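Results of the structural survey
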Amino acid sequence: MNRAKSEAAFASAARVIPGGVNSPVRAFGAVGGTPCLIERGEGSRLFDLDGNSYIDYVCSWGPLIVGHAHGDVVDAVARAAAKGTSFGAATEAETRLAEAIVDRVRSIEKVRLVSSGTEATMTAVRLARAFTKRPLIVKFDGCYHGHADHFQVRAGSGLATASIPSGAGIPESVAGDTASIPYNDFDAVQKLFRERGSSVACVIVEPVAANMGVVVPRDGFLGELRRLCDSSGALLIFDEVITGFRLARGGAQELFGVVPDLTCLGKIVGGGLPLGAVGGRAAVMDRLAPLGDVYQAGTLSGNPLAVAAGRKTLDLLDGDETYSRLETLGGKLEEGLVEAIAAKGAPASVSRIGSLLTVFLTAGPVTDFESAAKGSTEKFAALFHGMLDGGVYLPPSAFEAWFLSLAHDDDDVRATTETFCAVLDQVF
Ligand code: PMP
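Because the structure is a prediction, the values reported are computed rather than measured. (Residues numbered from 1 in each chain as written. Predicted model: local features only at pLDDT ≥ 70, side-chain atom pairs only at ≥ 80, totals over all residues. Heavy atoms only, no water.)

1. Let's talk about the nonpolar core
Formally: Among buried residues, the Ala, Val, Leu, Ile, Met, Phe, Trp, Tyr and Cys ones that are joined through side-chain atoms within 4.5 Å form a nonpolar core. Only protein chains enter the area calculation, which uses a 1.4 Å probe; residues under 20% of their type maximum are buried, those over 50% are exposed, and those in between are partly exposed. Per the convention used, a helix needs a DSSP run of H or I reaching at least four residues, while a strand needs a run of E reaching at least two, with both numbered from the N terminus. Domain limits in this description derive from either an automatic procedure or a database domain assignment. Residues count as neighbours in contact if any of their non-hydrogen atoms are within 4.5 Å of one another.
Counting residues in hydrophobic clusters, the biggest one holds 50 residues, and the most contacted among them are L356, V359 and F420. Looking at this core, the elements with two or more residues in it are β3 (53-56), α11 (322-344), β13 (349-353), β14 (356-360), α13 (377-389), β15 (392-393), β16 (402-403) and α14 (410-427). No other element matches the 6 residues that α13 contributes to this core. Summarising the domain contributions, this core has at least three residues from each of domain 1 (4-65 + 321-427) and domain 2 (72-316). Those residues in contact with L356 that sit more than four places away from it in its chain are A210, V214, I242, R246, L247, S351, A401, W402 and F403. By size, the runner-up hydrophobic cluster in this structure holds 30 residues, among which are V66, L265, A309 and L326.

2. Some thoughts on the site of the ligand
As a reminder, the rule being used: Nearness of a residue to a molecule or strand requires only that one of the residue's heavy atoms be within 4 Å of it. We define a polar contact as two N or O atoms separated by no more than 3.5 Å, with the added condition that, inside protein, one atom must be a possible hydrogen donor and the other a possible acceptor, whereas residues neighbouring each other in sequence contribute only through side-chain atom pairs. All accessible-area figures derive from a Shrake-Rupley calculation using a 1.4 Å probe, and residue coverage is judged against the displayed protein chains alone. Residues are grouped as follows: nonpolar covers Ala, Val, Leu, Ile, Met, Phe, Trp, Tyr, Cys and Pro; charged covers Asp, Glu, Lys and Arg; every other residue, Gly included, is treated as polar.
Around the ligand sit S116, G117, T118, Y144, H145, G146, E206, N211, D239, V241, I242 and K267, and those are all the residues in its vicinity. Between the ligand and the protein, one listed contact pairs a nitrogen atom with a backbone N or O atom of Y144 at 3.4 Å. Within the complex, the protein chains bury 81% of what would otherwise be the 390 Å² of accessible surface of the ligand. The class makeup of the residues in the shell around the ligand is 3 nonpolar, 6 polar and 3 charged.

3. A few points about the sheet that holds strand β10 (residues 235-239)
The criterion, for reference: At least two bridges found by DSSP between two strands are what make those strands a pair. Where helices are involved, their axes are fitted lines through C-alpha atoms of the stretch in contact, as for all axes, and angles between N-to-C directions lie from 0 to 180°.
Strand order across the open sheet formed by 7 strands is β4-β12-β11-β10-β9-β5-β8, with mixed pairing between neighbours. Edge positions in the sheet fall to β4 (110-114) and β8 (178-181), since each of these pairs with one other strand and no more. With strand direction ignored, the average angle separating the axes of adjacent strands in the sheet is 20°. Together, β5 (136-140), β8 and β9 (200-205) form the strand contacts of helix α6 (residues 186-196), whose direction differs from that of β8 by roughly 155°.

4. Some details on unusual backbone geometry
Across the junction of A289 and P290, the peptide omega takes the value 15°, indicating a cis bond. With respect to the helices, strands and loops of the structure, P290 is situated in the loop between α9 (282-285) and α10 (304-317). Backbone geometry at C59 places phi at a positive 50°, although glycine is not the residue there. Tracing the chain through its elements places C59 in the loop between β3 and α2 (71-82).

5. Considerations on the pairing of strand β2 (residues 45-48)
Bridging between strand β1 (residues 38-42) and β2 involves 4 bridges; their strand directions are antiparallel. Residue pairing in the sheet places I38 in a bridge with D48 of β2. In this structure, β2 lies alongside β3, joined through 3 bridges in antiparallel fashion. Looking at the pairing, L46 lines up with Y54 of β3. Taking the residues that link successive antiparallel strands as the turn, the β2-β3 hairpin has 4 residues, and the phi of G51 there is positive, at about 85°.

6. Some remarks on the domain arrangement of the chain
So the rule is basically this: Summed over both partners, buried area is the accessible surface (1.4 Å probe) that two parts give up on being assembled. Salt bridge criterion: a side-chain nitrogen from Lys or Arg within 4 Å of a carboxyl oxygen from Asp or Glu.
Domain parsing of the chain yields domain 1 (4-65 + 321-427) and domain 2 (72-316). Relative placement of domain 1 and domain 2: their C-alpha centres are 26 Å apart. Taken together, the two surfaces of domain 1 and domain 2 that pack against each other cover about 2,100 Å², and 64% of this comes from carbon and sulfur. Of all residues in domain 1, Y323, I353 and F369 bury the most surface against domain 2, accounting for 29% of the area lost on that side. Counting across the domain 1 and domain 2 interface gives 0 salt bridges. Linking domain 1 to domain 2 there are 9 residue pairs in polar contact (both at pLDDT 80 or more).

Laid out in structure tokens, this is it:
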């Protein structure tokens, strides 16, 4: 595949943008090579500057559940833009989107719109700390909650030992108030609550982990978090930035029947424009300014274009059998990939829930970050480039979810599994 224009454009980008990208994973650092610069998207496809086309399994990392440039979403955004792009004042459209969220997500009585998933998680944690008057955040290794300081932490070897910041620029004083423990580990979380339960402000969790590849919660894991939070007076925060409106109309909490105190939303809720949301019980949410003493604000919060895109996307998801179509498509893709892996006898496994999927290049079961990290990153790089050259755009990292959309179809899935089959032969 010729990528001469992408290569030249990336070189120009690297002169004025650190690493040539505005979010690190886009630089292809984990897989090598030069990233394709994207010219446009249409349905399930991406087109790069050189005119190459790819079946896209990134879908902007989740927001594009109805596909690229869906006509109804584009129209909604254009209509909103024609009336003004931002007012810094309240609009009725924000209320309509808030109502749509409250209607869908069982635990949300009130919701505040922000501009990104990171802002949603930052606000949720601040609310939890104010509400409980406690400092400690509990998170899980391999879960991602945006780039705020207090989430960039992995626990040290012992649960009660000081936490160590991962990445520079994060003071130990901040990291010390975050404990990070293995996902799906009942013993670790029980031990943490035994030892430090009275200082836990919140447990924040991706109800299905999708930032170490897709890792589903063990039976009862989310319920156990709910129980421990209740017995210690901590708040349970579900980070549904990826799972919200994707795994079910009401998100992962509907699917697993566990009700968090606060929910963080992003991606789909903004329909491909910058929008996030934090919502939950009114008693907690009403602590936000201007009613309460927890400060949160944003010049572009509730931006009319983002609100229009989000609202239209949620409406489209209410169409005919959307979630069962995503499930069927996901099932077919999984089946094709599993068959190819079995035929080759490759040490790999497929982890899927609905329209989220990861191929782990390790034979063992993946239940947490440690087992996910056993996957071969060299083999993944080869797989990634083989697929890319075959016209399939996968996330450029072994530990990410592949995202399906309603714009993908059986032909996409067939072409993807055929390419995968051929590429596996080269990789293993
Ligand atoms: N939480 C989760 C679960 C995410 O996957 C992400 C982003 N991938 C975030 C939070 C942060 O969202 P944003 O990139 O919009 O700040």
